[in-house]
Amino acid sequence: MSKNDDQVEGEYRFTEQVGHLLRKAYQRHLSIFQDNASDPNLTAVQFVTLCTLHDRGPSSQAELVKATAVDQATIRGIVERLRSRGLIEVSKDASDGRKVIMSLLPEGEAVLKQMYPRAHLITAKTMDRLNSAEQIALLFLLRKIAEDDLPNEETL
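Residues numbered from 1 in each chain as written. Predicted model: local features only at pLDDT ≥ 70, side-chain atom pairs only at ≥ 80, totals over all residues. Heavy atoms only, no water.

Draft legend 1. Geometry of the side chain of Gln-46. Inspection of the secondary structure assignment puts Gln-46 in helix H3 (residues 44-56). Look at Gln-46 and you get buried, because its relative accessible area is 5%. (Helix = DSSP H or I, 4+ residues; strand = E, 2+ residues; numbered from the N terminus. Buried < 20%, exposed > 50% of the residue type's maximum accessible area, 1.4 Å probe, protein only.)

In structure tokens form, the structure reads like this:
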């Protein structure tokens, strides 16, 4: 029996599990983000939200949730913080008064313009321990893991 078989059948080491390793890698990325962001008050998830509004244009909360993969409760707080900083505008949808629409303001565009070069640096620093082939493989594998259309249990 190989060491791998032992681990599968008996011993469980959380430090070797995918969730733990992904979390540690993400924590490292967030630390690099905070150390290198052009705006020390901008979080990674706020940056992603601004990028989404830049790329997609005015969006509802539901659209932001889907595009950013951030849950409803969290996105509400992010929207409020970005609004209070004058980076986005929150308004009622003209065709459906119950729907709230978020739009990027010129101040938000300015933050993005400053952040884009830093974002490239943050990505490079996050992956600096990997060679170029490993970087390509990592991005491929992360996209594959993150795909929405998971197979159902019957096909496993």
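Draft legend 2. Here's a closer look at the pattern of salt bridges. Applying the stated criterion to the full structure yields 4 salt bridges. Arg-85 is paired through a salt bridge with Asp-39; the nearest N and O atoms lie 2.3 Å apart. Of this pair, Arg-85 sits in the loop between helix H5 (72-84) and strand E2 (88-92) while Asp-39 sits in the loop between helix H2 (18-36) and H3, and the two are 46 residues apart along the sequence. Assessed through its relative accessible area of 33%, Arg-85 is described here as partly exposed. Judged by its relative accessible area of 11%, Asp-39 falls in the buried class. (Salt bridge = Lys/Arg side-chain N within 4 Å of Asp/Glu carboxyl O.)

Draft legend 3. How the structure looks around the environment of Thr-68. Within the element layout of this structure, Thr-68 appears in helix H4 (residues 61-68). Ignoring anything within four residues of it in the chain, the contact list for Thr-68 reads Val-48, Thr-49, Thr-52 and Ile-75. In this structure the side chain of Thr-68 is engaged in a polar contact, spanning 2.6 Å, whose partner is the backbone oxygen of Leu-64. (Contact = heavy atoms within 4.5 Å. Polar contact = N/O pair within 3.5 Å; in protein donor to acceptor, adjacent residues only side chain to side chain.)

Draft legend 4. Quick peek at the pairing of strand E3 (residues 100-104). With respect to burial, E3 is a largely interior element, 4 of its 5 residues being buried. Note that strand E1 (residues 59-60) and E3 share 2 bridges and pair antiparallel. When the bridges of E3 are listed, Ser-59 appears paired with Met-102. The sheet contact formed by E2 and E3 spans 5 bridges and is antiparallel. Note on E3: the bridge partner recorded for Lys-92 is Val-100. (Pairing = 2+ DSSP bridges.)

Honestly, that's just the spatial picture; any functional story needs more than this.
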